[in-house]
Amino acid sequence: MRRILLISANRYKEPYPVYPLGLSYLKGYILRELPHLEVEIVDCNILSDEEIGRRIEVFRPDIIGLSLRNIDGANSLDVRDFLEHYQELVTLIRKSSTAYLVIGGAGFSIFPEVISERLRPDFSIVGEGEKAFIDLINHLEKREESASVKMDKSMGSCKIINQGSLGYLSTLDVAFEEDLVGWYWQSSGMLNLQTKRGCPYNCIYCTYPLIEGRQVRTLDPEKTVEDLLRLKRNHGINYVFFTDSVFNIGRSYNLKLASLLIESNAKINWGAYFRPSGLDNETMRLFKESGLTHIEFGTESFCDTQLVNYGKGFSFEDVVKSSDICLDLGIYYAHFLILGGYGETKQTIAETMVNSKRLRHTVFFPYIGMRIYPNTRLQQIAVSEGIIEATDDLIAPKYYISNDFDVDMTKKLASETGKAWVFPDSPHNEMMDMLRIKRKKKGLLWEYLKRP
Amino acid sequence: MERQEIISRLSAILAEEFEIDPSLITGEAPLMETLELDSLDLVDVVVIIEQNFGVTLSAPDFQGVKTFDDFFNLIENKLNG
Ligand code: B12
Ligand code: SF4
């Protein structure tokens, strides 16, 4: 076993192209644990299928790891299916190489059986990939440690490995690809990094705890700051998005990270997903000082009835309080919403619209309906309401859209609030791309859409 | 910055960025139609102004802005006020 080729299959570029971070963690970990191996990353965002084929033939890998991040666009107003491309890619890989094919990734981990059956890799790894991949390599090399690799089940000729989240991998080395970093910095205006894995909450529709686990595992804050400084020093990167499912869990860890960032004088701006609850002025001030410029709140509704129905565990008053703290401190904030999900009615929409007027200098990104995913509470609800069959594998996207919900009426009400509502079918993404490419703007940029 | 300086700098920048004949930029000419902008493109104007003049506009600032004169007034007020 000498060469490993990692392929990022993602070609979706909305809202902007996303650096294949999972593969950089995998590469870093493989090189640390098995330094005799050569590891390369190739990226479908940058290379055509033919170019990928050529890279495979030239590199002659022994193992090919294929990362499947998105399965569909998760947007009911623009339904997309990426599996067909993945199928073509697998055909190309098989034609170009006899290497073992291993599949993993966030999107894959939601549907391991169906995808393994369709794409027929030799192995697939559910969830966090680092340790499981090393165990698999050892297993293939027939080393002693190979006993630790647990084949969960077989789908056809594919063995599915699901080891769960493997305890604490707190010091991960992220091997950023020199040639990819420049491309992403130019086309997305940011890079990304993770500070923790896992989410303990239990929102009815959400897959994040299923992909990453419920137990929160923080990554070494010194290492994180080091990685950020390296990005800045080597590539001039001064904006990153922390990809944590929810950033504001683990207060003492976050305080430590922020303090280290301040001490290091990194001067790197950052954004992250936050839960609009439990924020306080003092902590937020420190985050801001450490570089926090943008918060994407996973709010989902401005109506308390819906917040309960969605299982969010916070109230609209929490949303107002969190927003006001950001406003006072001059941190840009946007609210991401799910309108028309479980329990939505004309009344709850009306309440969301009225309440939206209490949130100032911000922008709202509503999605319509909830993508139904396997092993979520929403799936059970949808089955019990006869919306889907219990046997539906849900790989073809199905949305839960409440019967008492009307998109056009909702859009009309939204525009009457005078607030910045950006629905997923609005053409604003093209404008943002323009700002990134032509005007060389960095960061999330939705602050240009906000209204008072 | 003097009003005349604002007008000449702004006219030159807008003509170049939106690739139009500078002589079309006159005080009474309609801003949006002349530059062929829709409401979304205003974001681009905001960034151009920010990058060249260091002031940040927001969507509501454009309320009531119809002609280039209105726009020059807006920038003058932001810069001097
Ligand atoms: C952060 C995030 C975003 C951010 C990204 C910000 C940024 N600059 O990076 C934003 C908001 C932009 C975003 C957008 C979208 N997202 Co998103 N996003 C996530 C999130 C929360 C984390 C992804 C991440 O970076 N993780 C950190 C890295 C280190 O982990 P990783 O990539 O998963 O890799 C690990 C494992 O998966 C595994 N692994 C990965 N590859 C491989 C390969 C092999 C061979 C092996 C063995 C293992 C392996 O090992 C890695 C290390 O442990 C996930 C949900 C989640 N919790 O996973 C959704 C998720 C990936 N997103 C999803 C979707 C749908 C989207 C959008 C299409 C939504 C939309 N309509 O806008 C877009 C697409 C963006 C794009 N251009 O691709 C879905 C995909 C599932 C699906 N339905 O297809 C997910 C899973 C959420 C969900 N709904 O369940 N997203
Ligand atoms: S929606 Fe956010 S808080 Fe809720 S379970 Fe998912 S990641 Fe956790």
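Residues numbered from 1 in each chain as written. Chains lettered and ligands numbered in written order. Predicted model: local features only at pLDDT ≥ 70, side-chain atom pairs only at ≥ 80, totals over all residues.

## Things to note about the site of ligand 1
Residues and elements named next belong to chain A.
Next up, step 1: Taken together, 45 residues form the shell around ligand 1, and within it Gly 22, Gly 65, Ser 67, Gly 104 and Gly 129 come nearest.
Next up, step 2: Of all the secondary structure elements, the ones that give two or more residues to the shell around ligand 1 are helix H1 (21–33), strand E3 (63–67), strand E4 (100–104), helix H4 (106–110), helix H6 (130–140) and helix H8 (208–212).
Next up, step 3: The leading source of residues in the shell around ligand 1 is H1, at five residues.
Next up, step 4: Looking at side-chain class alone, the shell around ligand 1 contains 21 nonpolar, 17 polar and seven charged residues. (Near = placed C-beta within 6 Å. Helix = DSSP H or I, 4+ residues; strand = E, 2+ residues; numbered from the N terminus. Nonpolar A, V, L, I, M, F, W, Y, C, P; charged D, E, K, R; others polar.)

## Things to note about the interface of chain B and chain A
It is common to give the size of an interface as the accessible area that goes away when the parts come together.
Next up, step 1: Chain B puts eight residues into the contact, and the matching count from chain A is 11 residues.
Next up, step 2: Here the side of chain B that touches chain A is built from residues that sort into six nonpolar, one polar and one charged. (Contact = placed C-beta atoms within 7 Å.)

## Digging into the sheet that holds strand E2 (residues 38–43) of chain A
Residue and element names in this part refer to chain A.
Next up, step 1: Taken in spatial order, the seven strands of this open sheet run E2-E1-E3-E4-E5-E7-E6, and their pairing is mixed. The sheet terminates laterally at E2 and strand E6 (151–155), the two strands that pair on one side only. Looking at each pair of strands side by side, their axes are set apart by 20° on average, direction ignored.
Next up, step 2: As judged from the four bridges shared by E6 and strand E7 (residues 158–161), these two strands associate in the antiparallel manner. From the neighbouring strand, Met 151 faces E7, where its bridge partner is Ile 161. (Pairing = 2+ DSSP bridges. Axes fitted to C-alpha atoms, helices over the stretch in contact; angles between N-to-C directions.)

## Quick look at H1 of chain A
All names here are of chain A.
Next up, step 1: Over its 13 residues, H1 extends 19 Å from the first C-alpha to the last, a length consistent with the 18 Å expected when each residue adds 1.5 Å.
Next up, step 2: Taken together, the buried positions of H1 are Leu 21, Gly 22, Leu 23, Ser 24, Tyr 25, Leu 26, Lys 27, Tyr 29 and Ile 30.
Next up, step 3: Residues of H1 that are buried in the fold lie against strand E1 (3–8), E2, E3, H6 and strand E8 (191–193). (Expected span 1.5 Å × (residues − 1). Buried ≥ 20, exposed ≤ 12 C-beta atoms within 10 Å, placed from the backbone.)

## Concerning helix H10 (residues 251–264) of chain A
All names here are of chain A.
Next up, step 1: End to end, H10 covers 20 Å across 14 residues, agreeing with the expected 20 Å (1.5 Å per residue, within 8%).
Next up, step 2: Along H10, the residues that are buried comprise Asn 254, Leu 257, Ala 258 and Leu 261. One side of H10 holds all its buried residues, which, seen down the axis, span an arc of 95°. Turned more than 90 degrees away from the buried face of H10, the exposed residues are Ser 252 and Glu 263.
Next up, step 3: Summarising the contacts, the buried residues of H10 are in contact with helix H9 (221–235) and helix H11 (281–289).
Next up, step 4: Directly after H10, the chain includes Asn 265, whose backbone phi takes a positive value near 55°. (Arc of directions from axis to C-beta.)

## A word on the pairing of E3 of chain A
Residues and elements named next belong to chain A.
Next up, step 1: Taken across its five residues, E3 has five buried, putting it largely inside the fold.
Next up, step 2: What you see with E3 is no split at all: Ile 63, Gly 65 and Ser 67 on one side and Ile 64 and Leu 66 on the other are buried throughout.
Next up, step 3: Bridge count between E1 and E3: five bridges; the pairing is parallel. In the strand pairing of E3, Leu 5 is matched with Ile 64.
Next up, step 4: With five bridges connecting them, E3 and E4 associate as parallel partners. Bridge assignment links Ile 64 to a residue of E4, and that residue is Leu 101.
Next up, step 5: With helix H3 (residues 83–96) bridging E3 and its parallel neighbour E4, the resulting β-α-β unit is right-handed. (Right-handed = clockwise from strand over helix to strand, strands pointing away.)

## Considerations on the site of ligand 2
Next up, step 1: Taken together, Cys 199, Tyr 201, Cys 203, Cys 206, Tyr 208, Pro 209, Ser 245, Val 246, Arg 275 and Gly 298 of chain A make up the full set of residues near ligand 2.
Next up, step 2: Split by residue class, the shell around ligand 2 holds seven nonpolar, two polar and one charged.

## Considerations on the domain arrangement of chain A
All names here are of chain A.
Next up, step 1: Here chain A is described as being made up of domain 1 (3–166) and domain 2 (189–449).
Next up, step 2: With 24 residues of domain 1 at the contact, the number on the domain 2 side is 30 residues.
Next up, step 3: The element best represented in the side of domain 1 that touches domain 2 is H4, accounting for three residues. (Domains from an automatic or database assignment.)

## Examining the pairing of E7 of chain A
All names here are of chain A.
Next up, step 1: Going residue by residue along E7, you find Cys 158 and Ile 160 tucked away on one face and Lys 159 and Ile 161 tucked away on the opposite face as well.
Next up, step 2: Where strand E5 (residues 123–125) lies against E7, three bridges are found, and the strand directions are parallel. For Ile 125, the partnering residue across the bridge sits in E7 and is Ile 161.
Next up, step 3: Between E6 and E7, which pair antiparallel and follow one another directly, the connecting turn spans two residues, one of which, Gly 156, has a positive phi of 55°.

## Looking at the sheet that holds strand E14 (residues 332–339) of chain A
Residues and elements named next belong to chain A.
Next up, step 1: If you trace the seven strands from one edge of the open sheet to the other, you get E8-E11-E12-E13-E14-E15-E18, paired in parallel fashion. The two strands at the open ends of the sheet, each matched to only one other strand, are E8 and strand E18 (420–421).
Next up, step 2: Examined bridge by bridge, strand E12 (residues 269–274) and strand E13 (residues 292–300) share five bridges and lie parallel to one another. If you follow Gly 271 over to E13, its bridge partner there is His 294.

## Side note on unusual backbone geometry
Next up, step 1: Look at the link from Glu 14 of chain A to Pro 15 of chain A: it is a cis peptide, with omega at -10°.
Next up, step 2: For Pro 15 of chain A, the location among the structural elements is in the loop between E1 and H1.
Next up, step 3: Its identity is not glycine, yet Leu 445 of chain A carries a phi of approximately 70°, on the positive side.
Next up, step 4: With respect to the element layout, Leu 445 of chain A can be found in the segment after helix H17 (428–437).
Next up, step 5: In the Ramachandran plot, Glu 36 of chain B falls in the positive-phi region, its phi being about 55° despite a non-glycine side chain.
Next up, step 6: Position of Glu 36 of chain B relative to the elements: it lies in the loop between helix H2 (31–35) and helix H3 (42–53).
Next up, step 7: Judged by the 10 C-beta atoms lying within 10 Å of it, Glu 36 of chain B is exposed.

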